[in-house]
Amino acid sequence: MAPSRCRTGAFSNNALDVTSPTIKCPTVSDEQIQAWADEAEAGYPVEQLRKRGRQPLGDGPSTVVPVRLDADPLKALGARAEAEHVSRSEAIRAAIRAWLGAA
């Protein structure tokens, strides 16, 4: 199911019909806008903001390597990763490190 989006009208015949809204969007009050503006003007902790995002995996940049797996190994991988409370990606990285002798 696609995520719902707020919009001001419904699409009909490839045109936007603004007279018949299809999704009700929450209204943002002037007070909320002012609170956001005050927060922004006060400034944000830059060091805290820089810590967002994915944690680095090693010393340098990472490369995405697509791997094809059929259903049985993928199912086993998912079950093992879930049992060990790690992502499938981390389980694959651990298996590669073990295979390379770098565990």
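Residues numbered from 1 in each chain as written. Predicted model: local features only at pLDDT ≥ 70, side-chain atom pairs only at ≥ 80, totals over all residues. Heavy atoms only, no water.

Asker: What's the story with the pattern of salt bridges in this structure? I'm lost.
Answerer: Oppositely charged side chains are able to pair whenever their charged atoms sit close together. Inspection of the entire model under this criterion finds three salt bridges. One salt bridge connects Arg-97 with Glu-90, and the closest N-O pair in it is separated by 2.8 Å. (Salt bridge = Lys/Arg side-chain N within 4 Å of Asp/Glu carboxyl O.)

Asker: Help me understand helix α4 (residues 88-100) in this model?
Answerer: In an α-helix there are 3.6 residues to a turn, and that puts residues three or four apart on one side. End to end, α4 covers 18 Å across 13 residues, agreeing with the expected 18 Å (1.5 Å per residue, within 8%). The positive-phi residue at the C-terminal boundary of α4 is Gly-101, with phi of around 80 degrees. (Helix = DSSP H or I, 4+ residues; strand = E, 2+ residues; numbered from the N terminus. Expected span 1.5 Å × (residues − 1).)

Asker: Mind showing me how you'd approach helix α3 (residues 71-83) here?
Answerer: Over its 13 residues, α3 extends 18 Å from the first C-alpha to the last, a length consistent with the 18 Å expected when each residue adds 1.5 Å. The first or second residue beyond α3 is His-85, which carries a positive phi of 55 degrees.

Asker: Mind showing me how you'd approach unusual backbone geometry here?
Answerer: When glycine is set aside, most residues are seen to have a negative phi, and most peptide bonds are trans. At His-85, a position not held by glycine, the phi torsion is positive, near 55 degrees. Assignment of secondary structure puts His-85 in the loop between α3 and α4. What makes His-85 exposed here is its relative accessible area of 73%. (Buried < 20%, exposed > 50% of the residue type's maximum accessible area, 1.4 Å probe, protein only.)

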